[in-house]
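Each chain is listed here by its residues.
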Amino acid sequence: MSLRLTDLAAMTEQERTRALAALSTQPSPVGRRIRRYELRYEMSSAEMRRRVAEGQMKETADVAAWLFWLNSQPNHVAG
Amino acid sequence: MSPGKHGPNRLRGYLATHNTIMQQLLRGAFVTSEDLVLEPDGAGGYFIEGCIYCLGDIYIDVSKHIARIGGEGGNPLVQTIGYRYNVAVKGRGNIFRYDSPHPDHNQDHHLHQYDVLNGDQDGTVEFIYSEDEIPTLQEVILKAEDWYHANHERL
């Protein structure tokens, strides 16, 4: 679930508060996005991180997006 | 991030500021449209995700993590804890990208810059150590606009 920011801006204060509260209880899209990258590149996120850290894989825009979603997980552990 | 231009803010204030800035930019000549959405992060916070479309087939891919650091419901206290702003020319490549720190490499805030009009796909990386130099989305858009004005005849 997502809300367009322009739609939010057009809401009344009451509608906006309700919509934001409802949105915050919805599941995160992060896991689905990470799985999509793993399928596309046919490797685990751990393998991607290792290859990038060792210079075997470039930090492209796509890889940077993958890393962003990995870092955004609540249980993300750095390093 | 420490307090300052990236400090904590109430969500509604944060979104109101964002909307005011985007409306100003959309009334200008450079930004033509945008499809940014708000998504849940599963922990009471949000992501801003989507694309801002500009002149010269330039587009800005935006991913921003606004974490809830206090409060409940529809107006929590939030703060940006991660971002990725990738500025590119459609069909040509990246111009520049600001990333928050990665876990295993480029572990500080950093800027990738590419000589896109000469086919550069590797680019250079410049680290950002000052809070003030970490850009807001508005600053990223204005930097992209500067690049456009300096290079539009070659696009």
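Described below are features of the structure shown in this document. (Residues numbered from 1 in each chain as written. Chains lettered and ligands numbered in written order. Predicted model: local features only at pLDDT ≥ 70, side-chain atom pairs only at ≥ 80, totals over all residues.)

It is worth spelling out the interface of chain A and chain B at this point. Taken together, the contacts link 32 residues of chain A with 31 residues of chain B. When residues of the side of chain A that touches chain B are traced back to their parent elements, those giving at least two are β1 (3-4), α1 (5-10), α2 (13-24), α4 (45-53) and α5 (61-71) of chain A. Of the residues contributing to the side of chain A that touches chain B, the split by class is 20 nonpolar, eight polar and four charged. Here β1 of chain A pairs with strand β3 (residues 37-40) of chain B via two bridges, running antiparallel. (Contact = placed C-beta atoms within 7 Å. Helix = DSSP H or I, 4+ residues; strand = E, 2+ residues; numbered from the N terminus. Nonpolar A, V, L, I, M, F, W, Y, C, P; charged D, E, K, R; others polar. Pairing = 2+ DSSP bridges.)

What follows is about the environment of Ile 34 of chain A. All names here are of chain A. Summarising the element assignment, Ile 34 is placed in helix α3 (residues 30-41). C-alpha separation for the pair Ile 34 and Ala 10, spaced 24 residues apart in sequence, amounts to 32 Å. Among all residues touching Ile 34, those that are not within four sequence positions of it are Ser 45, Trp 69 and Leu 70.

With that settled, consider the pairing of strand β7 (residues 93-99) of chain B. Each regular strand shows side chains that alternate between the opposite faces of the sheet. Residues and elements named next belong to chain B. Among the seven residues in β7, six count as buried, and that is most of the element. Two strands pair when backbone bridges link them, and strand β6 (residues 77-89) and β7 are joined in this way by six bridges, in the antiparallel orientation. For Asn 86, the partnering residue across the bridge sits in β7 and is Arg 97. Here β6 hands over to β7 after three residues, with Gly 91 in that stretch at a positive phi of 80°. Direction of pairing for β7 relative to strand β8 (residues 110-113): antiparallel, over a ladder of four bridges. When the bridges of β8 are listed, Phe 96 appears paired with Gln 113. (Buried ≥ 20, exposed ≤ 12 C-beta atoms within 10 Å, placed from the backbone.)

Attention now moves to the packing of α3 of chain A against α5 of chain A. All names here are of chain A. Relative orientation of the contacting elements α3 and α5 amounts to 145°, with a least axis distance of 9 Å. Viewed along their axes, α3 and α5 form a crossing whose handedness is left-handed. Across the interface between the two elements, Val 30, Arg 33, Ile 34 and Tyr 37 from α3 touch Trp 66, Trp 69 and Leu 70 from α5. Here the contact of α3 with α5 is built from residues that sort into six nonpolar, no polar and one charged. (Axes fitted to C-alpha atoms, helices over the stretch in contact; angles between N-to-C directions. Left-handed = near helix turned anticlockwise from the far one by under 90°.)

Before going further, it helps to examine the nonpolar core. The biggest cluster of nonpolar side chains holds 35 residues, and the ones touching the most others in it are Ile 60, Tyr 85, Val 87, Ile 95, Val 140, Ile 141 and Ala 144 of chain B. Secondary structure elements with two or more residues in this core: α1 (11-27), β4 (46-54), β5 (58-70), β6, β7 and α2 (137-151) of chain B. Counting residues per element, this core draws most heavily on β6 of chain B, at six residues. Residues contacting Ile 95 of chain B, with those up to four places away along its chain left out, are Val 87, Ala 88, Val 89, Tyr 114, Val 116, Ala 144 and Trp 147 of chain B. One finds Val 52, Trp 66, Leu 67 and Trp 69 of chain A within the second-largest nonpolar core, a separate group that totals eight residues. (Core = buried A, V, L, I, M, F, W, Y, C linked by C-beta atoms within 7 Å.)

Before going further, it helps to spend a moment on α2 of chain B. All names here are of chain B. Here α2 spans 21 Å end to end across 15 residues, near enough to the 21 Å set by a 1.5 Å rise per residue. Leu 137, Val 140, Ile 141 and Ala 144 are the residues of α2 that are buried. Down the axis of α2, the sector holding all buried residues measures 95°, keeping them to one side. Along α2, exposed side chains directed more than 90 degrees from the buried face belong to Asp 146, His 149 and Ala 150. Those residues of α2 that are buried are in contact with α1, β2 (31-34), β4, β5, β6 and β7. (Expected span 1.5 Å × (residues − 1). Arc of directions from axis to C-beta.)

One non-glycine residue with positive phi stands out, namely Glu 42 of chain A, at about 55°. Along the polypeptide, Glu 42 of chain A turns up in the loop between α3 and α4. Phi angles above zero are rare outside glycine, and Asp 57 of chain B is one such case at about 60°. Secondary-structure assignment places Asp 57 of chain B in the loop between β4 and β5.

Looking now at α2 of chain A. Taking 1.5 Å of rise per residue, 12 residues should cover 16 Å, and α2 of chain A covers 17 Å from first to last C-alpha, within 8% of that figure. Buried within α2 of chain A we find Arg 16, Leu 20 and Ser 24 of chain A. Relative to the axis of α2 of chain A, the buried residues are bounded by an arc of 60° and lie together on one face. In this structure, the buried side of α2 of chain A is in contact with α1 of chain A together with α1 and β3 of chain B.

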